[in-house]
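This is what each chain is made of:
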Amino acid sequence: MSTSVLNPPGVKAPATYIEEVMTLVKAKNPAEPEFHQAVREVFDSLKLVLEKHSEYREAKILERIVEPERVIMFRVPWFDDQGKIQVNRGFRIQMNSAIGPYKGGLRFHPSVTLGILKFLAFEQVFKNSLTTLPMGGGKGGSDFDPKGKSDNEVMRFCQSFMTELYRHIGPDTDVPAGDIGVGGREIGFLFGQYKRLANEFTGVLTGKGLSWGGSLIRPEATGYGCVYFAAEMLKTRKDSLDGKLCLVSGSGNVSQYTVEKLLDLGAKPVTVSDSDGVIFDPDGIDREKLAWVIELKNVRRGRIREYGEKFKKAIFMPTDIKSDYNPLWNIKADCAFPSATQNEINAKDAANLIKNGIKVVAEGANMPSTLEATKLFLDAGILYGPAKAANAGGVATSGLEMAQNSQRIAWTREEVDDRLHKIMIAIHKNCFETAETYGTPGNLVNGANIGGFLKVANSMLDQGLV
Ligand code: NDP
């Protein structure tokens, strides 16, 4: 399908074409800066592809790939424990189904907007393509905040959310999973309501409980996968994680299992955080302390500052919204694993990390680095693993959960972990080799964006104008 024709008559030069589409994206999607940022990062890499392949320009692949196939936005009314009516907004972005059913998480957080979910859905298209599994890209969620809500309130909200969403999803159409604010408890309530409405027991959500169709290792997968990816990056410099001092942000699902796998591989994690502040534990977060954090966050649903009260040598640094940098990224360390949220590393944070001699940045969160921070990492020549490659282990293992559900079987922990590990090695190899093929060795941002794009774009060409 791919012929190499350089700028045939009537086809614009790549840089001009990209700027024109970028202008269109900003005009058509005003007030969605995170979506613009995600598109800009991918487009910057695609210049290299468009120089070799004019067919993507002729088929208007860029204009098509930034336009969601479908956006669903809906009212979510529910009763709180006082019997008062509450109203939230629900979304599902079905971004691209060229290579498989839509797949991507649901986020429940007060910061959720259409633009945030569009950036996440856009990233998801390329990430899912990199996993080697047949999954399209989607994302959804709500501005509902599960923090401080009772289990009954969370259940009533999830049931109302699914009452609308269920008609748009299905095991061969769209298979949501968890993300910020959506863990095992929420997936359980969502699945229960889907089953009741659809009158069928299918693998329509991933991240399910083990006794009702979930996969072993799915909760661990994003964190484990990110650490496997970091280990692959270090291997290219004949180095390993053994003995490395590591910074981890967040204290939710991704952070917890990043810390666990770092301990498995002999590294020393020294930080965790939440939106209230940062914990720095110079003695290291060992398995006992990690178990305490998991209980704090997943069972008691408490705040990370309590760590400082429990373990006396640890220091708690509260978040200062007026500050232009995050003290977490100013601690001297070898490796950084941002695992909380988007844009948590700005240019100043990146400069601090580089100044302190950071060797590896592996992104567990989605788009945790601003465009300026990304550029600083690339210019500094450190090992930089962008989110859509480094955190793809979560969705890859969701794909493995779908495979097990289709076959009505459950693989062992070792089998799933082994498959996850091999997928992360394959993703790293693809990004590394693609970066070389396109003349930017070591630039895994280009490797991930181009590697993810080619499979989706070629499938779109094959399937005609849909
Ligand atoms: P969780 O809800 O389990 O944990 C999120 C953590 O990040 C919490 O500690 C939370 O603190 C913190 N956080 C969230 N928003 C903010 C904010 N605006 N400012 C500061 N801290 C914040 O979510 P996950 O661990 O699942 O997700 C973390 C990141 O990883 C997200 O970017 C997500 O998209 C990404 N990701 C997750 C995958 C998964 O499988 N779960 C897969 C791939 C990527 P607090 O409790 O105070 O809000």
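Residues numbered from 1 in each chain as written. Predicted model: local features only at pLDDT ≥ 70, side-chain atom pairs only at ≥ 80, totals over all residues. Heavy atoms only, no water.

Got a minute to help me understand the pairing of strand E4 (residues 137-142) in this structure?
Extensive coverage of E4 is indicated by the burial of 6 of its 6 residues. Covered by surrounding structure in E4 are Gly-137, Lys-139 and Gly-141 together with Gly-138, Gly-140 and Ser-142, the residues of both alternating faces. For strand E2 (residues 85-96) and E4, the ladder comprises 6 bridges, and the chain directions are antiparallel. By the bridge assignment for E4, Gly-90 is matched with Ser-142. Bridge count for strand E3 (residues 102-108) against E4 is 3 bridges, and the pairing is parallel. Within E4, the position partnered with Phe-108 by the bridge is Ser-142. Handedness of the crossover joining E3 and E4 through helix H5 (residues 114-130) is recorded here as right-handed. (Buried < 20%, exposed > 50% of the residue type's maximum accessible area, 1.4 Å probe, protein only. Helix = DSSP H or I, 4+ residues; strand = E, 2+ residues; numbered from the N terminus. Pairing = 2+ DSSP bridges. Right-handed = clockwise from strand over helix to strand, strands pointing away.)

Please clarify how the site of the ligand should be interpreted in this entry.
Close contacts around the ligand come from 24 residues, with Lys-147, Asp-179, Thr-222, Ser-275 and Arg-303 the closest. Separating an oxygen atom of the ligand from a backbone N or O atom of Asn-253 is a distance of 2.9 Å. Note that an oxygen atom of the ligand is positioned 2.8 Å from one of the side-chain N or O atoms of Asn-366. A class-by-class count of the residues in the shell around the ligand yields 4 nonpolar, 14 polar and 6 charged. Taken domain by domain, the shell around the ligand gets at least three of its residues from each of domain 2 (70-202) and domain 3 (221-390). (Near = heavy atom within 4 Å. Polar contact = N/O pair within 3.5 Å; in protein donor to acceptor, adjacent residues only side chain to side chain. Nonpolar A, V, L, I, M, F, W, Y, C, P; charged D, E, K, R; others polar. Domains from an automatic or database assignment.)

Just to check I follow, could you spell out the sheet that holds strand E6 (residues 245-248) for this structure?
In spatial order, the strands read E7-E6-E11-E12-E13; together these 5 strands make up an open sheet with parallel pairing. Here the strands that pair on one side only, and so sit at the sheet edges, are strand E7 (268-269) and strand E13 (383-385). By the bridge criterion, 2 bridges tie strand E11 (residues 335-337) to strand E12 (residues 360-362) in an arrangement that is parallel. Bridge pairing in E12 links Ala-336 to Val-361. Across the sheet, helix H9 (residues 253-264) touches E6, E7 and E11, and the angle it forms with E6 is around 170°. (Contact = heavy atoms within 4.5 Å. Axes fitted to C-alpha atoms, helices over the stretch in contact; angles between N-to-C directions.)

Is there a simple way to think about the confidence of the model for the protein chain in this case?
Atom-level detail of predicted coordinates should not be read off regions where pLDDT is low. In the predicted model, the protein chain carries a mean pLDDT of 96, and the fraction of residues at 70 or more is 98%. Ignoring residues within four places in sequence, the model shows residues 1-5, a span with pLDDT below 50, making 12 contacts including any to other chains. (pLDDT = per-residue confidence, 0-100.)

Explain the sheet that holds E4 here, please?
Sheet architecture is open: 5 strands sit in the order E1-E2-E4-E3-E5, paired in mixed fashion. At either margin of the open sheet sits one strand with a lone partner, and together these are strand E1 (70-79) and strand E5 (174-177). Each strand of the sheet is rotated relative to its neighbour by a mean of 20°, with strand direction disregarded. Pairing geometry for E1 and E2, over 10 bridges, is antiparallel. Pairing of Met-73 across the sheet is with Phe-91, part of E2. Its contacts with the sheet put H5 on E1, E2, E3 and E4, and the angle it makes with E4 is roughly 150°.

Explanation requested: the nonpolar core in the structure shown.
Nonpolar side chains in soluble globular proteins tend to be buried together. Within the largest apolar cluster, 54 residues are counted, with the highest numbers of intra-cluster contacts made by Phe-229, Leu-241, Leu-262, Tyr-307, Phe-337, Val-360 and Ile-427. Three or more residues apiece are contributed to this core by two domains, here domain 2 (70-202) and domain 3 (221-390). Contact partners of Leu-241, with chain neighbours within four places excluded, come to Val-227, Ala-231, Leu-234, Leu-262, Leu-265, Gly-266, Ala-267, Cys-335 and Phe-337. Residues Tyr-17, Ile-93, Phe-126 and Leu-461 belong to the second largest nonpolar core, which totals 40 residues. (Core = buried A, V, L, I, M, F, W, Y, C linked by side-chain atoms within 4.5 Å.)

Help me understand the domain arrangement of the protein chain in this model?
By a frequent convention, interface size equals the accessible area lost on bringing the separate parts together. Domain annotation of the protein chain identifies domain 1 (14-66), domain 2 (70-202) and domain 3 (221-390). With 6 residues of domain 1 at the contact, the number on the domain 3 side is 6 residues. Per-residue buried area on domain 1 facing domain 3 is highest for Glu-34, Gln-37 and Glu-41; these three make up 79% of the total on that side. Linking domain 1 with domain 3 are 1 salt bridge, by the criterion used here. (Buried area = accessible area lost by both parts, 1.4 Å probe. Salt bridge = Lys/Arg side-chain N within 4 Å of Asp/Glu carboxyl O.)

Would you explain the pattern of salt bridges in this entry?
Opposite charge on two side chains permits pairing when their charged atoms draw close. Inspection of every chain in the model, using the stated rule, returns 34 salt bridges. The partner of Asp-151 in a salt bridge is Arg-185, and the shortest N-O contact between them spans 2.7 Å. A residue pair is termed long-range when its members are at least 10 positions apart, and Asp-151 in helix H6 (residues 151-165) and Arg-185 in helix H7 (residues 184-198) qualify at 34 residues. Classification of Arg-185 as buried rests on a relative accessible area of 16%.

Explanation requested: helix H13 (residues 371-380) in the structure shown.
In an α-helix, one full turn covers 3.6 residues, which means residues spaced three or four apart are oriented alike. For H13, the complete set of buried residues consists of Ala-373, Thr-374 and Phe-377. End-on, the buried residues of H13 take up no more than an arc of 100°, which puts them together on one face. Of the exposed residues in H13, those oriented more than 90 degrees away from the buried face are Lys-375 and Asp-379. Elements in contact with the buried residues of H13: helix H12 (347-355), E12, E13 and helix H17 (444-462). Positioned one or two residues after H13, Gly-381 has a phi angle of 70°, which is positive. (Arc of directions from axis to C-beta.)

Which parts of the structure should I look at to understand the packing of helix H1 (residues 14-28) against helix H2 (residues 33-52)?
Between H1 and H2, the shortest axis-to-axis distance is 9 Å and the interhelical angle comes to 160°. By the angle class used here, H1 and H2 are roughly antiparallel. Every pair of crossing elements has a handedness; the one defined by H1 and H2 is right-handed. In this structure, H1 contributes Pro-14, Ala-15, Tyr-17, Ile-18, Glu-19, Val-21, Met-22, Val-25 and Lys-26 to the contact, and H2 contributes Phe-35, His-36, Val-39, Arg-40, Phe-43, Leu-46, Lys-47, Leu-50 and Glu-51. Grouping the amino acids of the contact of H1 with H2 by side-chain chemistry returns 12 nonpolar, 1 polar and 5 charged. (Parallel < 35°, antiparallel > 145°, perpendicular 65-115°, else oblique. Left-handed = near helix turned anticlockwise from the far one by under 90°.)

Honestly, H9 in this entry has me stumped. Any pointers?
Taking 1.5 Å per residue as the helical rise, H9 with its 12 residues ought to reach 16 Å, and the 17 Å between its terminal C-alpha atoms agrees with that figure. Among the residues making up H9, those that are buried are Val-254, Ser-255, Gln-256, Tyr-257, Thr-258, Val-259, Glu-260, Lys-261, Leu-262 and Leu-263. Within two residues after H9, Gly-266 carries a phi angle of roughly 85°, on the positive side. (Expected span 1.5 Å × (residues − 1).)

Is there a simple way to explain the pairing of strand E9 (residues 277-280) in this structure?
Across a regular strand the side chains alternate sides, sitting on one face of the sheet and then on the other. Of the strand pairs in this sheet, strand E8 (residues 271-274) and E9 are connected by 4 bridges, and their pairing is antiparallel. The residue bridging Ser-273 from the neighbouring strand is Val-278, located in E9. Counting the residues between successive antiparallel strands, the hairpin from E8 to E9 contains 2 residues.

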